[in-house]
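Structural features, examined
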Amino acid sequence: MTSHAMRSGRSVSPWLALAGFVVAVALAALIGGLGVAGTASEYQSLDRPSWAPPSSVFGPVWTVLYAMIAVSGWLVWRRTGWSSALNWYAVQLVLNAAWTPIFFGAGQYGLALLDIVVLWALIGVTVWKFRAVSKPAAALLLPYWAWVTFATALNAAIWLAN
């Protein structure tokens, strides 16, 4: 029995829990990526820095990162059940989902920059909280944190240029 099951008095299948984390992350991706139509064409129309990747890069990168984010949360849940570390995880996931509708849906590049700066900080807190519970879970978030660092710089450059 997992520590979560022992604390709550009921058993939750680890695979069902993993599916729950996958669904939560998929919802964030759906809200973020698919919730706003025409993002690729809008991205192409923006004044972007020379180091900006083509829009075709974002889908594959985010697919891998979202899988890592889901597994990371699940690893922590396996050790602690729902915990304060996972509260930080959930909040950063909400900010992640909010970015695309703010940036592309509303065209609010400055507000999107604020969102992503707070997201970046919350990923850092989540990594720190996860490290105390599971070093592999924290390590799985490092590529995500690095990508969001890059995305923050890109958001800032686009905001300044547009």
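Residues numbered from 1 in each chain as written. Predicted model: local features only at pLDDT ≥ 70, side-chain atom pairs only at ≥ 80, totals over all residues. Heavy atoms only, no water.

1. Some words on the packing of helix H4 (residues 58-80) against helix H7 (residues 135-161)
For the pair H4 and H7, interaxial distance at closest approach is 8 Å and the crossing angle is 145°. With respect to the hand of their crossing, H4 and H7 are arranged in left-handed fashion. Residues Phe58, Val61, Trp62, Leu65, Met68, Ile69, Val71, Ser72, Leu75 and Val76 of H4 form the contact with H7, whose own contacting residues are Pro136, Ala137, Leu140, Leu141, Pro143, Tyr144, Trp147, Val148 and Leu154. In terms of residue class, the contact of H4 with H7 is made up of 18 nonpolar, 1 polar and no charged. (Axes fitted to C-alpha atoms, helices over the stretch in contact; angles between N-to-C directions. Helix = DSSP H or I, 4+ residues; strand = E, 2+ residues; numbered from the N terminus. Left-handed = near helix turned anticlockwise from the far one by under 90°. Contact = heavy atoms within 4.5 Å. Nonpolar A, V, L, I, M, F, W, Y, C, P; charged D, E, K, R; others polar.)

2. Some thoughts on the packing of aromatic side chains
Applying the stated criterion to the full structure yields 15 aromatic pairs. With centroids separated by 5.3 Å and ring planes inclined at 80°, the aromatic side chains of Tyr43 and Phe58 adopt a geometry described as edge-to-face. Note that Tyr43 is positioned in helix H3 (residues 39-45) and Phe58 in helix H4, a separation of 15 residues in sequence. Each ring, one from Trp147 and one from Phe150, has its centre 5.3 Å from the other, and the planes form 45°; the classification is tilted. Of this pair, Trp147 and Phe150 both sit in helix H7, separated by 3 residues, roughly a single helical turn. Judged by its relative accessible area of 15%, Trp147 falls in the buried class. Look at Phe150 and you get partly exposed, because its relative accessible area is 26%. When the ring centre of Tyr43 is taken as reference, the NZ or CZ atom of Arg48 above it lies at 4.7 Å. (Phe/Tyr/Trp six-rings, centres within 6.5 Å; stacked < 30°, edge-to-face > 60°. Buried < 20%, exposed > 50% of the residue type's maximum accessible area, 1.4 Å probe, protein only. Lys NZ or Arg CZ within 6 Å of the ring centre and 35° of its normal.)

3. Observations concerning the nonpolar core
Of all hydrophobic cores here, the largest spans 46 residues; its most connected members are Trp62, Ile69, Tyr89, Phe103, Phe130 and Tyr144. Elements represented by at least two residues in this core include exactly helix H2 (14-34), H4, helix H5 (84-105), helix H6 (109-133) and H7. If we ignore the near neighbours within four places in the chain, the residues touching Phe130 are Ser72, Gly73, Val76, Ala85, Leu86, Tyr89, Lys135, Ala137, Ala138 and Leu141. (Core = buried A, V, L, I, M, F, W, Y, C linked by side-chain atoms within 4.5 Å.)

4. Quick notes on H7
With 27 residues, H7 ought to run about 39 Å at 1.5 Å a step, and its terminal C-alpha atoms sit 39 Å apart, in line with that. The largest bend along H7 measures about 25° and falls at Leu142, with the proline Pro143 one to four residues further on. Those residues of H7 hidden inside the fold are in contact with H3, H4, H5 and H6. (Expected span 1.5 Å × (residues − 1). Bend = angle between axes of the 7 residues up to and from the residue.)

5. Focus: H5
Helix length check: H5 (22 residues) gives 32 Å between terminal C-alpha atoms against 32 Å at 1.5 Å per residue, within 8%. Along H5, the helix axis deviates most sharply at Ala98, where the bend reaches about 25°; the proline Pro101 sits within four residues downstream.

6. What to know about the confidence of the model for the protein chain
Averaged over the protein chain, the pLDDT score is 91; the fraction of residues at 70 or greater is 91%. Counting contacts from residues 4-9, a segment whose pLDDT is below 50, to residues more than four positions away or on other chains yields 11 contacts. (pLDDT = per-residue confidence, 0-100.)

7. Structural notes on a nonpolar patch on the surface
A cluster of nonpolar side chains, Val23, Leu27, Leu30 and Ile31, forms an exposed patch at the surface whose accessible area comes to about 350 Å². Taking relative accessible area as the criterion, Ile31 reaches 46% and is therefore assigned partly exposed. (Patch = residues over 30% accessible without salt bridge, like charges linked within 9 Å, V, L, I, M, F, W, Y side chains within 5 Å. Areas by Shrake-Rupley, 256 points an atom, 1.4 Å probe, with all protein chains shown as cover. Salt bridge = Lys/Arg side-chain N within 4 Å of Asp/Glu carboxyl O.)

8. Topic: the side chain of Thr152
The residue Thr152 is located in helix H7 in this model. Dropping the residues within four chain positions of it, Thr152 is found in contact with Leu113, Ile116, Val117 and Trp120.

9. Concerning the environment of Val117
Summarising the element assignment, Val117 is placed in helix H6. Separated by 35 residues in the primary sequence, Val117 and Thr152 place their C-alpha atoms 6.7 Å from one another.

10. What to know about the side chain of Gln92
Note that Gln92 resides in helix H5. For Gln92, a relative accessible area of 1% translates into the label buried.

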